Structure formats: structure tokens, C-alpha cells
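In case you want the letters, here they are:
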Number of protein chains: 4
Amino acid sequence: MSLHTHRFHVALHDTDAAGVLFFAHLLRHAHDAYEGLMAAGGMPLAGVVAEGAFHLPIVHCEADYRAPLRHGDKVAVAVTVARVGESAFTLRYRFTAGGEEAAAATTVHVALDPASRAKRPLPAPLRALLAAGARGEAAL
Amino acid sequence: MSLHTHRFHVALHDTDAAGVLFFAHLLRHAHDAYEGLMAAGGMPLAGVVAEGAFHLPIVHCEADYRAPLRHGDKVAVAVTVARVGESAFTLRYRFTAGGEEAAAATTVHVALDPASRAKRPLPAPLRALLAAGARGEAAL
Amino acid sequence: MSLHTHRFHVALHDTDAAGVLFFAHLLRHAHDAYEGLMAAGGMPLAGVVAEGAFHLPIVHCEADYRAPLRHGDKVAVAVTVARVGESAFTLRYRFTAGGEEAAAATTVHVALDPASRAKRPLPAPLRALLAAGARGEAAL
Amino acid sequence: MSLHTHRFHVALHDTDAAGVLFFAHLLRHAHDAYEGLMAAGGMPLAGVVAEGAFHLPIVHCEADYRAPLRHGDKVAVAVTVARVGESAFTLRYRFTAGGEEAAAATTVHVALDPASRAKRPLPAPLRALLAAGARGEAAL
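Rules used throughout
Residues numbered from 1 in each chain as written. Chains lettered and ligands numbered in written order. Predicted model: local features only at pLDDT ≥ 70, side-chain atom pairs only at ≥ 80, totals over all residues. Heavy atoms only, no water. Least-squares fit on C-alpha atoms with pLDDT ≥ 70 in both. Contact = heavy atoms within 4.5 Å. Buried area = accessible area lost by both parts, 1.4 Å probe. Salt bridge = Lys/Arg side-chain N within 4 Å of Asp/Glu carboxyl O. Helix = DSSP H or I, 4+ residues; strand = E, 2+ residues; numbered from the N terminus. Buried < 20%, exposed > 50% of the residue type's maximum accessible area, 1.4 Å probe, protein only. Polar contact = N/O pair within 3.5 Å; in protein donor to acceptor, adjacent residues only side chain to side chain. Nonpolar A, V, L, I, M, F, W, Y, C, P; charged D, E, K, R; others polar. Phe/Tyr/Trp six-rings, centres within 6.5 Å; stacked < 30°, edge-to-face > 60°. Pairing = 2+ DSSP bridges. Axes fitted to C-alpha atoms, helices over the stretch in contact; angles between N-to-C directions. Expected span 1.5 Å × (residues − 1). Parallel < 35°, antiparallel > 145°, perpendicular 65-115°, else oblique.

Before going further, it helps to spend a moment on the relation of the copies chain A and chain C. Least-squares fitting of chain A to chain C yields an RMSD of 0.0 Å, with the superposition described by an axial translation of 0.0 Å and a rotation of 180°. The transformation just described matches what one would write down for a two-fold rotation axis. Relative to the rotation axis, the closest C-alpha in chain A is found at glutamate 62 of chain A, a distance of 2.0 Å. A share of 100% of interface residues in chain A that are also interface residues in chain C marks the association as one of identical surfaces.

What follows covers the interface of chain A and chain C. Between chain A and chain C, the residue contacts involve 21 residues of the former and 21 residues of the latter. Summed over both partners, the interface of chain A with chain C buries about 1800 Å², with 68% contributed by carbon and sulfur atoms. Considering only the side of chain A, the residues that lose the most area to chain C are Phe23, Cys61 and Tyr65 of chain A, jointly responsible for 26% of the buried surface there. Inspection of the chain A/chain C interface yields zero salt bridges.

With that settled, consider unusual backbone geometry. All names here are of chain A. Despite not being glycine, arginine 117 shows a phi value in the positive range, around 60°. Take arginine 117: it is sitting in the loop between strand 5 (100-110) and helix 3 (124-134). Residue arginine 117 is classed as partly exposed on the basis of its relative accessible area, which comes to 31%.

With that settled, the discussion passes to the side chain of histidine 109 of chain B. All names here are of chain B. Assignment of secondary structure puts histidine 109 in strand 5 (residues 100-110). In terms of polar contacts, histidine 109 uses its side chain to reach the side chain of threonine 107, at 2.8 Å. Setting aside residues no more than four positions away along its own chain, histidine 109 makes contact with Tyr34, Pro57, Ile58, Ser87, Ala88, Phe89, Leu91 and Tyr93.

With eight residues of chain D at the contact, the number on the chain A side is eight residues. Counting each side, the surface lost to burial between chain D and chain A is near 720 Å², with a carbon and sulfur contribution of 75%. Interface area lost by chain D to chain A is led by Leu12, His13 and Ala17 of chain D, which between them contribute 52%. The tally of links between chain D and chain A comes to zero salt bridges. Its residues assigned to classes, the side of chain D that touches chain A shows four nonpolar, three polar and one charged.

Residue and element names in this part refer to chain B. Tallied over the entire structure, the rule returns 11 aromatic pairs over all chains. Aromatic side chains phenylalanine 22 and phenylalanine 23 sit 5.2 Å apart centroid to centroid with 65° between the ring planes, which places their arrangement in the edge-to-face category. In this structure phenylalanine 23 comes out as buried when scored by relative accessible area, which is 5%. With a centroid separation of 6.5 Å and 50° between ring planes, the pair formed by tyrosine 34 and phenylalanine 89 is classed as tilted.

Read across the open sheet, the 10 strands follow the order 1(B)-3(B)-4(B)-5(B)-2(B)-2(D)-5(D)-4(D)-3(D)-1(D); overall the sheet is antiparallel. Since the sheet does not close on itself, it has two edges, and those belong to strand 1 (4-9) of chain B together with strand 1 (4-9) of chain D, each with one partner. For this sheet, the mean inter-axis angle between neighbouring strands, taken without regard to orientation, is 20°. For strand 2 (residues 58-65) of chain D and strand 5 (residues 100-110) of chain D, the ladder comprises seven bridges, and the chain directions are antiparallel.

Bringing helix 1 (residues 23-40) of chain C into the picture now. Residues and elements named next belong to chain C. The terminal C-alpha atoms of helix 1 lie 27 Å apart, and with 18 residues this matches the ideal 26 Å at 1.5 Å per residue to within 8%. Counting buried residues in helix 1 gives 16 out of 18 residues, a clear majority hidden from the surface. After helix 1 finishes, the residue glycine 42 shows a positive phi value of roughly 85°.

Moving on, we come to the packing of helix 1 (residues 23-40) of chain B against helix 1 (residues 23-40) of chain D. For the pair helix 1 of chain B and helix 1 of chain D, interaxial distance at closest approach is 8 Å and the crossing angle is 180°. Taken together, helix 1 of chain B and helix 1 of chain D sit at an angle that is classed as roughly antiparallel. Counting all contacts with helix 1 of chain B, which are made through Phe23, Ala24, Leu27, Arg28 and His31 of chain B, the residues of helix 1 of chain D involved are Phe23, Ala24, Leu27, Arg28 and His31 of chain D. Taken together, the residues of the contact of helix 1 of chain B with helix 1 of chain D sort by class into six nonpolar, two polar and two charged.

Quick look at the side chain of histidine 29 of chain B now. Positionally, histidine 29 of chain B belongs in helix 1. A distance of 3.0 Å separates polar atoms of two side chains, one belonging to histidine 29 of chain B and the other to aspartate 14 of chain B.

A separate point is the pattern of salt bridges. According to the stated counting rule, one finds 12 salt bridges over all chains in the structure shown. The closest approach of N and O atoms between glutamate 101 of chain C and arginine 94 of chain C, which form a salt bridge, is 2.8 Å. Given a relative accessible area of 44%, arginine 94 of chain C falls into the partly exposed group. Through salt bridges with shared partners, a single network forms among Arg66, Arg94 and Glu101 of chain A.

Rendered as C-alpha cells:
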């Protein structure tokens, strides 16, 4: 069940001379979907970054490419919260175009203390947002 | 008078360590606005590129930056057709955020014969689209 | 054992407002290292793409981020051939800065017939290049 | 006379489905050349940004595209200091590939007080670096 859907058209700058979306750009679009999820949950990432109360780096990502995405394709990215741990959470992204799954991606995010860079528990409001997400609640 | 307005939020990947939109990315957003204009006019750029009946490279661009754009800013890009010549046309982009002008950009596009790479007249449907744009017609 | 090493400085445009390299850009640098490996092996990727005798899309990628990369950091990307199969191969990338491992990445590439988009055996010269790579031969 | 030359190969991710370098990416490469100039002059931009004693945004850029740059092209970007004013300076970039001029670009940079964002005089060491550059001195 999907929490948030981010939509985009494949722009000319997304493609390369092979005529398809350059693979690394898929993860840029995944990140846009993550930003959309956070904004929809009332905690825009811009605020998290600007306040700096905790860092939230991506420590792992992966992507599987099933069908080429071409210039002009209309793509939907459905984001789900796959796992919420003590200090980390995992998001999954499903990219579809023309009703077919074109790609899937995963990102793992860890909360760090900004001074020590040690892992710290997920802040309560972020945990609440993600837990609602993991339950697929309508609020997101 | 504006023909087409493209909207985006400044994403984390648009910014750099100085905390503001990296200047070259403004032109990526201008190009997204150009793609939106073409799609709104019934001639999506993806079709133009894929058909290859003529090339339409950008031969000049420029941008003026008046106020920093920051992560999370909601930006509107208003595109207008500034000039339509025999083989070339000029688009202007006005970037506003929070009601203030943040930047302006210009792109000049030239139609080329794909084989010889010599200038050729703008194809009639493109000329019509741009002429309607230059008149600020509602169709766009 | 590493076959090819790609070096770069983290540029301002690699970073984001959080002050570190934006995660997806790591995969852009991995791809630059892959292009360097192909060129060093006498089969520049530009030729492969332009000839179009076979397609060679990336079907999977992943990355692990161990330490932040910051603006100005001098980074070495060591590429190795991790696996060569019938139609596919896997490359590994180890990113180091200041003598410490900052990140690791993996890409999986598949040879496709351009007309049918079905898997096809790796072309012999590419297989030879990769096999030499997998043996860590000096030629690369 | 050129002060600093930045070299790169056109990577797959620099190109788009039209088979040539996407126009906005030229300005990313111009910025890399600017970073190279600053580093060669002993004042790496990363230090300027991290210290934050003054801001140095780009307030204007422009580029002219004379010949297409294609995947694999080996490009040299020669940077020169075109003008040094009280608070601002102008850099010019000449892109050549295969001995031919492919593009030219210009960037205008202004020193700002970080608190007030008002123009401030160029800091003395930066002025000295640029003045040496404007004289085409060997140090750069």
C-alpha cells in the first residue's frame, strides 16, 4: 500500500545519448518522492536540514531497472515505508509508466547526532510520521 | 504576458553546500518550463527529438540571479516567447518565489537541417505555436 | 585488486545544503569510473553507444555510504570486475578519501539485442576486456 | 591568454537523447574550471564556502554554443579573468574540442556580506589572485 505518489515526466536532461533515463537520475527522482512524503507528513525535509537538530543521511540505496524510461514518459513513483527501526528507516519506491513497473528503488536513512555523528534514536515526530506511513494511514 | 507557467519546489539536490540553488540548475528548470510550453502547445519536445526531422539546439543562454533560492522554496517559472525569427526563436523565463522575482533567464533556439547542420526555416507548426505564444494566446 | 582508478575532487555541484555529496551523485561518479575502465580497455563506451550493435543497460545498482564526502575532498574510485556471466557482468567501486573508505557501489550490466531487447551473450571483445579485468591484468 | 585549463571527457550523463551535451551541463563544467582556477591560486572554493566570511554568488551567466559536444569528446576549458571590479569579477571560459572552439561561457561573481547580503569589497587575497589572473601570470 502506497503512502505518497510523486509524478514527473522524463525530461530531456534525464535522458542520455543511449536514449533512456540515465540510471543515477532515477535515485534523484526517488529523493524527490521522499521529499514529497516528508512534506505530506508535515515535516518538510528543508526544515530538518536547516534546523540541523539531527542529521538524516542515506546510508544505503539500491535500484532495479526493469524497462527503459524514455523522454516524455509520464512516471508515477509510489513510496512506502518498508521498515522503521530504532535509529533507521527504509523507504521503497515503485516507478510505473503506462501502467507497467519500470523500476524499483530502496533507500535506508539513519538519524545521527550532528556533533558526534553517532546514531541516535529517530526523533519522536519523525517516528510518528513513519509509523503512520508504515500503517498506510490516510494522513499521508 | 506569460504563456506557460512551470512550478517546482527547490529540492535538496538543487542546492549546494553554500545553501542555495546551484546556478546551472536554474537552466535545467528553465528547460523544464520550455518542455512544458511545447507540450501545452501540442508539440512535445520528446516527439521533436525522437522524429529527428529537424534539430533544435540551444545556441545561447543567459541568466541573472537576483535573490537566492533555497531548499523548499516554491518557485514559479513564467515562460514567454520573446522573438520568432526565420530560423530561430528566443524564450524568456521569469522565476518568482514568494511573490518576488528571484531570477530571469533567456534561451535562443535554432532549427537545423539534421544532415547538413545548416540553419533551416522554423517548421510551420512550430512557427504557429510560437507565434500564438508571442501573441499570448489562450491556447497556451 | 583494482583494475582502474578514477579520481575526482568533490565539486560544489556534488554537494547539497546538508553540506555533503548528494547520494545519487556517487553513482554518477561510479559511472565515470566505468567509462574510464572501458576506455582503458580499448572499448570506449561512447563507441558502444554510438554503434548500437548491442545495448548495455544497467539493470541494478547499489551503494553504501560509510563517511560523508565534502566539498573539496579528493576521492579515488577503484573499479573491479566482480563477475562475468553469459549476458551480464558486475562491477564494484570502492570510494576512498584521505585513505579511508567513504563508500562502495555496485552496478550490474546486461547485454541486450537492440531490436528485440532480449538478453544476448556478451560480445567477445567485451568479454575479453572483462575477463582480463577479473584476472586483474596489468593491461587495464 | 589563459590562466587555467580544465580538461574533461564528455560523459554519458553529460549527454541527452538528442545525442549531444545538454546545454546546462556546460555551465557545470565551467564551474569546475572556476574551482580549478581558485585551487591553482591557493584559495580553494571549498574553503571560501566553509569559512563563510563572505559569500560569492554567481549573479549572471551566459553561454554560446558553436558546435555540438558529443559523448567521449575530449574538451579543454580555458579560463581567463575578464574583469575585476570593486565587489565583482567576471570569468570567461573557452571550450575547445579537437582544436575547434565548441562553446564559450561567462560568469559574474559578487562578494556579499553574509549577514546583510549587501555588496562588499572583494577580500584582498581574492583580489590579488584575480589580479594576477588578469595579468596572465604564470602562478596560475
